[in-house]
Amino acid sequence: MQKPIDNRAWFLVAPVFCLVAFNAMLPLMTVVNYSVQDTFGNNQFFWNGVQWYAELLNPGSEFGGRFYAALGRSFAFSGVILAIEVPLGLMVALSMPKRGAKLAICLILMALPLLLPWNVVGIIWQLYARDNIGLFGWTVNAVGIPFNYTNSAIASWVVVVLMDVWHWTSLIALLCYAGLRSIPDAYYQAAKIDGASRWLVFLRIEFPKLQRVLTIGILLRFMDSFMIYTEPFVVTGGGPGNYTTFLSIDLVKIALGQFDLGKAGAMSIVYTLITLSLCWIFYTAITTRDNQEIAQ
Amino acid sequence: MARIELENLAHSYFVNPQHPWQWALKPMNMSWKQGGAYALLGPSGCGKTTLLNVISGLVTPSHGKILFDGRDVSHIPTEARNIAQVFQFPVVYDTMTVAENLAFPLQNRGVAKDVMASRVRQVAHMLGLEPLLGRRARGLTADLKQKVSLGRGLVRSDVGAILFDEPLTVIDPHLKWQLRAQIRRVHAETDVTMIYVTHDQTEALTFADHVVVMYQGEVVQVGTPQELFDKPAHTFVGYFIGSPGMNVLPAELDGNQARVGSHVLSLSTRFDGAAPGGTYEIGIRPEHLKVARNGPGLPAAVRRVDDIGRIKIVHCEMDGMAISAVTGEDDEVPSDGVVLVPESTRIHLYRNSHRVE
Amino acid sequence: MPIELQRVSLRVGETDHLRDVSLTLNEGAVNVLLGPTLAGKTSLMRLMAGLDQPTAGRIVINGEDVTGRSVRKRSVAMVYQQFINYPAFSVYDNIAAPLRTKGLNRHDVRRKVTEAAKLLKLDGVLEKTPLQLSGGQQQRTAIARAIVKDADLVLLDEPLANLDYKLREELRVELPKIFGKTGSIFVYATTEPSEALLLGGRTAAMHEGRIAQFDDTTEVYRRPLNRITAQTLSDPPMNFARMTVGGGSAGLHLAADDLAVTGFEAPPAIAALPTGSYTVGFRAHHVTLLPRTRSAVKVTGELAVAELSGSDSFLHVDTDGGERWIALLSGVHEHPPGERITIYLDPARFYVFDAGNNLVVAPSLAISSAGRN
């Protein structure tokens, strides 16, 4: 398509540029600024070069060890919830009714958790999972399994993971459901005629057609869970000990708890870079696959 | 292999249909012989897709029976009917290769490996898919995908009928006739009953030995392409088959004479047997009207002449009725008054839209 | 007010979409752009509309250079292959939309909409929404919206391609009536020669981004300047054979080996050609199963397939010389594939092209082009 070229058109980008500069670049630069300085309080800063970064990335140092542990927990958390939410969401989508009142009820029930604010979800589960007054915690204890998320690492993970699954499986399910709806009936009919089993229909028709929405779902859920803060903070506050201290929680502890602005700045930058590069990997993975499809 | 019979078959989406329009399919009896090539032809909304769905088992008819080789299958599900179907939009299994696609229906039925391989090779050869057997089905063009879908029906030895639901909709125009010819050839080689649904006269007439013309839920004619052209049994067939369509003019009958407007036409036969009452119409194809300067016939005024190269279509008006005729490319057409002379054996008489024999 | 394209080219990346196109279009009769897919019809329309800019050349409307002017500032209406209407508006509001944008008063809007609706036979369905209509009515609505605008230029890009053929037939007959009634310039793109012929008017035969010929449609059909135009305006495709002329006689190369030449009694125009090698083209409906004249050339072959349309039969014949020709017979004739078949060619109907593929002889019988009454 041929378009006239007029460099004045760049002015049209100016408002967006200003906005992005104001709400992304400037704050980020403050963090960059802190990350290369140290302070002894009293608003007195002095240059520290890449010292914080060196310490952060060295697993041997106290700060580095703490960072890698939190990073590991964040990855573990994302991995666990993805491993549960994706298959579960897919299964829910496959077993949802196709039309009628049942479908409407299903959709409303599934949309409910998605509509709740993070801290509300946190409070719900904080109460729900308590061993003394919470229905869930009390029941588990009553069955004979000792369950107290304030002192057991396993229990605290169970609660945090369950909470995320409860909150977000619907998203995967709804995405998959939309994907399934877009498969023309002719495919199912053809599979019937070909004598394919239910499993083969899933493997040969539904799953290939869902790959795209699943990739997007995984991307969304991964990013969201990797940056999760509010819910675990409300429920466990990162404890017991540091068992549920994910990267975001640790960052806040350093920045606001210890007021180590330099360390927190360096950690923020590395955190951001990790998130960005993962995004980029996902993005290229999706686009190259699409291009391959076109090239075929 | 299957002979398909429809016994008093009718379908309505209403529980208790009272009015004619409530029938998606009006009661019909039909017998389609094993190995035939049939087309269901009609405009959108005529019921041809409903009929196809009844045959494939997607729709259970509300009235009557459908028999495959004498066995009542009205309530048997699609997968138990031994039919295959090629859909409007190509259906292939994206992640599998062409060979795996073709083998899929056999695999699901537990056919032995060597039998499967030889069937796949045989069908691929028939459809010219051999060089593509190792390719993934995802990247194929629409016409190749349609061949793969057809192939999945052909590999099965138990298939009695293959149904085509407007299979050329998404095919490039210049590939259409190739694919059409190939389907035709495959039919000749395999002896499977084929039923082809379309709204396109060329597709229907080229493909089928017998064309079933449907109109408003009713089968108005079953005939060979030649019969549809030479003896349209219903005014709709005359209009729908042929371009331009047949001229249908209201008439009054009197022995072997028909009064059209203020003019009288002599018919080749006496229709004394024709029942009294009803509305009569005369049908004459534009190809069977000669445009003359004078003489016996229907005097008409020329309104417009469309010179489309090999023929000229002459649009005329006679007593307020539009009537068109076709002349050769070299014929001069007078611009004012002409006389349209029908071939007397090619004048059809219709009573309540149905042809009087 | 004519629209003039002066040596317009369009190049996108490495591909030439239009090459040096010069064309002057007038109101009154429809201007048909005819050519296969990718011939450049849509590119040309987009340039005329101002949606794209040419890489070279000028576009002049009414003596004024509008090459760089955007589509918003031009007076253009467009109808597409897809039925594009406002789904939530009634047919009436759909047709009225461009008039309301222009700021016409209620009374004028009503008058113009009613007029357009009547012309396109939409009077009965004005209160319905597009989705309640048949495909034909939806496209009529889109066309009504385009003509009601009174634009200088109305572009129709294969508007009938998505319709059932009977509806297409009806609209083809009705459209020419509309073209004459407004002061707009109509440009109509199509891939089908029969459509161009039915619409009449003038036809620009396009091929690979070039205008091969632009003239009255019947003239382009009867006297194609070259082989490309002849092919563009033939449906089914024109049949071709090689011919040698020398010493007042002519012969066709009908066998696979070049030596076997079938002599025939050449009409004076062909006999008078300079000695040399030529290509003859003849249309499918001039291939007959019985000799029409004494000088008819007899060719034998095998039937590949017979295609039947409602009132015609297309026989695809593989000649013994290895050519694939098509014969068009009026009426429905069933022939089984593989049948041995004898066909006859009438030399009086031959188009003769020289080595440069330019027309040197047109059929003598077809020169008196009657035109439109």
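Predicted, not measured: the structure shown is a model, and the values here were computed from it.

Asker: Before we move on, could you go through the overall build of chain C and cite the residues and values that matter?
Answerer: From N to C terminus, chain C includes nine helices and 21 strands. Overall size of chain C, expressed as C-alpha extent along the three principal axes, is 75 × 45 × 40 Å. Within chain C, buried positions represent 53% of all 373 residues. Here the analysis covers contacts within chain C between residues at least 6 apart in sequence; of these, 65% occur between residues at least 24 apart. Looking at chain C as shown, the accessible area adds up to about 15900 Å², and 50% of this sits on carbon and sulfur atoms.

Asker: How would you sum up the sheet that holds strand β6 (residues 76–79) of chain C? Please name residues and give values.
Answerer: Residue and element names in this part refer to chain C. The strand order across the open sheet built from six strands is β6-β7-β8-β3-β9-β10, with neighbouring strands paired in mixed fashion. On the outer flanks of this sheet lie β6 and β10 (210–216), each paired with one strand and no other. Neighbour-to-neighbour, the strand axes of the sheet open up by a mean angle of 15 degrees, direction not taken into account. In terms of strand pairing, strand β3 (residues 31–34) meets strand β8 (residues 185–190) through four bridges, oriented parallel. The residue of β8 that forms the bridge with Leu33 is Ala189. Against the sheet, helix α4 (residues 135–148) engages β6, β7 (153–157) and β8, with an angle of about 170 degrees to β6.

Asker: Break down a nonpolar patch on the surface for me, with residues and values.
Answerer: A grouping of Trp10(A), Leu12(A), Val13(A), Val16(A), Val20(A), Met25(A), Leu28(A), Met29(A) and Val32(A) is seen on the molecular surface, where their side chains present a nonpolar patch of about 840 Å² in accessible area. Look at Leu12(A) and you get exposed, because its relative accessible area is 69%.

Asker: Could you give an account of the pairing of strand β14 (residues 280–284) of chain B, with specific residues and numbers?
Answerer: All names here are of chain B. Among the five residues of β14, four are classified as buried, and the element is accordingly described as predominantly covered. In this structure, strand β11 (residues 247–254) lies alongside β14, joined through five bridges in antiparallel fashion. Across the sheet, residue Val248 finds its bridge partner in β14, namely Gly283. Two strands pair when backbone bridges link them, and β14 and strand β20 (residues 348–351) are joined in this way by four bridges, in the antiparallel orientation. Residue Tyr280 lies in a different strand from β20, and its bridge partner there is Arg351.

Asker: Lay out the interface of chain A and chain B in plain terms, naming residues and giving numbers.
Answerer: The partner chain B presents 24 residues to the 17 residues of chain A that form the contact. For the pairing of chain A and chain B, the buried interface totals around 1900 Å² over both sides, and the portion due to carbon and sulfur atoms is 56%. Remark: the boundary between chain A and chain B carries two salt bridges. For Asp94(B), the salt bridge is made with Lys209(A), and the minimal N-O distance between the two is 3.1 Å. On inspection of chain A and its partner chain B, the count reaches seven residue pairs in polar contact (both at pLDDT 80 or more). Residue assignment for the side of chain A that touches chain B shows that the elements contributing at least two residues are α8 (185–193) and α9 (198–226) of chain A. Per-element accounting of the side of chain A that touches chain B gives the leading share, seven residues, to α8(A). Among the residues making up the side of chain A that touches chain B, the classes are represented as nine nonpolar, three polar and five charged.

Asker: Talk me through the nonpolar core; I want residue IDs and the actual numbers.
Answerer: Of all hydrophobic cores here, the largest spans 79 residues; its most connected members are Trp32(B), Leu51(B) and Ile162(B). The leading source of residues in this core is helix α3 (residues 113–127) of chain B, at six residues. Non-local contacts of Ile162(B), meaning those with residues more than four positions away in its chain, are made with Ala84(B), Val86(B), Leu150(B), Gly153(B), Leu154(B), Val192(B), Thr193(B), Met194(B) and Ile195(B). Judged by nonpolar contacts, the second largest core, of 60 residues, contains Phe63(A), Ile172(A), Val201(A) and Val270(A).

Asker: Give me helix α4 (residues 142–154) of chain B: which residues, what numbers.
Answerer: Residue and element names in this part refer to chain B. Along its 13 residues, α4 runs 18 Å from first to last C-alpha, staying within 8% of the 18 Å computed at 1.5 Å per residue. In terms of residue burial, α4 counts as a mostly covered element, since 12 of its 13 residues are buried. Of the residues making up α4, those classed as buried are Asp143, Leu144, Lys145, Gln146, Lys147, Val148, Ser149, Leu150, Gly151, Arg152, Gly153 and Leu154.

Asker: Describe in detail the sheet that holds strand β19 (residues 337–342) of chain B, supporting the description with residues and values.
Answerer: Backbone hydrogen bonds are what pair the strands of a sheet, in a parallel or an antiparallel way. All names here are of chain B. Spatial strand order, β15-β19-β16-β17-β18: five strands in an open sheet with antiparallel pairing. Unpaired on one side and paired on the other, β15 (289–292) and β18 (321–328) mark the two borders of the sheet. Mean inter-strand twist for the sheet, computed between neighbouring axes without regard to direction, equals 45 degrees. With four bridges joining them, strand β16 (residues 298–307) and β19 adopt antiparallel strand pairing. Within β19, the residue paired with Ala300 across the bridge is Val338.

Asker: Describe the interface of chain C and chain B, listing the residues and the values that go with them.
Answerer: Residue-level contacts link 38 residues of chain C with 38 residues of chain B. Roughly 3300 Å² of surface becomes buried between chain C and chain B when both sides are summed, with 49% attributable to carbon and sulfur atoms. At the junction of chain C with chain B, the criterion picks out five salt bridges. For the pair chain C and chain B, the interface holds 19 residue pairs in polar contact (both at pLDDT 80 or more). Looking at the side of chain C that touches chain B element by element, the count peaks at seven residues for helix α5 (residues 165–179) of chain C. Classifying every residue of the side of chain C that touches chain B gives 14 nonpolar, 12 polar and 12 charged.

Asker: Give a description of empty space enclosed by the protein that names residues and reports values.
Answerer: In this approach the atoms are scanned with a rolling probe the size of a water molecule, which exposes any empty space left behind. Enumeration over the complete set of coordinates arrives at five cavities of 30 Å³ or more. Surrounding the largest cavity, Ala190(A), Ile193(A), Asp194(A), Ala84(B), Gln85(B), Phe87(B), Ser149(B), Arg152(B) and Gly153(B) form its lining. Of all elements in the fold, only α8 of chain A together with β6 (83–86) and α4 of chain B reach the threshold of two or more residues within the lining of the largest cavity. The biggest single contributor to the lining of the largest cavity is α4(B), with three residues.

Asker: Before we move on, can you summarise the pattern of salt bridges with the specific residues and values?
Answerer: Here the structure, examined in full by the defined rule, presents 40 salt bridges over all chains. In this structure, the salt-bridge partner of Arg304(B) is Asp306(B), at a minimum N-O distance of 3.0 Å. Judged by relative accessible area, which is 13%, Arg304(B) ranks as buried. We note a salt bridge from Arg100(C) to Asp93(C), for which the minimum N-O separation is 3.0 Å. Assessed through its relative accessible area of 44%, Arg100(C) is described here as partly exposed. Connected via shared salt-bridge partners are Glu85(A), Asp164(A), Arg221(A) and Asp224(A).

Parameters at a glance
Residues numbered from 1 in each chain as written. Chains lettered and ligands numbered in written order. Predicted model: local features only at pLDDT ≥ 70, side-chain atom pairs only at ≥ 80, totals over all residues. Heavy atoms only, no water. Helix = DSSP H or I, 4+ residues; strand = E, 2+ residues; numbered from the N terminus. Buried < 20%, exposed > 50% of the residue type's maximum accessible area, 1.4 Å probe, protein only. Contact = heavy atoms within 4.5 Å. Areas by Shrake-Rupley, 256 points an atom, 1.4 Å probe, with all protein chains shown as cover. Pairing = 2+ DSSP bridges. Axes fitted to C-alpha atoms, helices over the stretch in contact; angles between N-to-C directions. Patch = residues over 30% accessible without salt bridge, like charges linked within 9 Å, V, L, I, M, F, W, Y side chains within 5 Å. Salt bridge = Lys/Arg side-chain N within 4 Å of Asp/Glu carboxyl O. Buried area = accessible area lost by both parts, 1.4 Å probe. Polar contact = N/O pair within 3.5 Å; in protein donor to acceptor, adjacent residues only side chain to side chain. Nonpolar A, V, L, I, M, F, W, Y, C, P; charged D, E, K, R; others polar. Core = buried A, V, L, I, M, F, W, Y, C linked by side-chain atoms within 4.5 Å. Expected span 1.5 Å × (residues − 1). 1 Å grid on protein atoms, 1.4 Å probe; cavity = no way out; pocket = protein on both sides within 12 Å on 5 of 7 lines; lining within 4 Å. Points joined across faces, edges and corners; volume = space filled by probe spheres on them.

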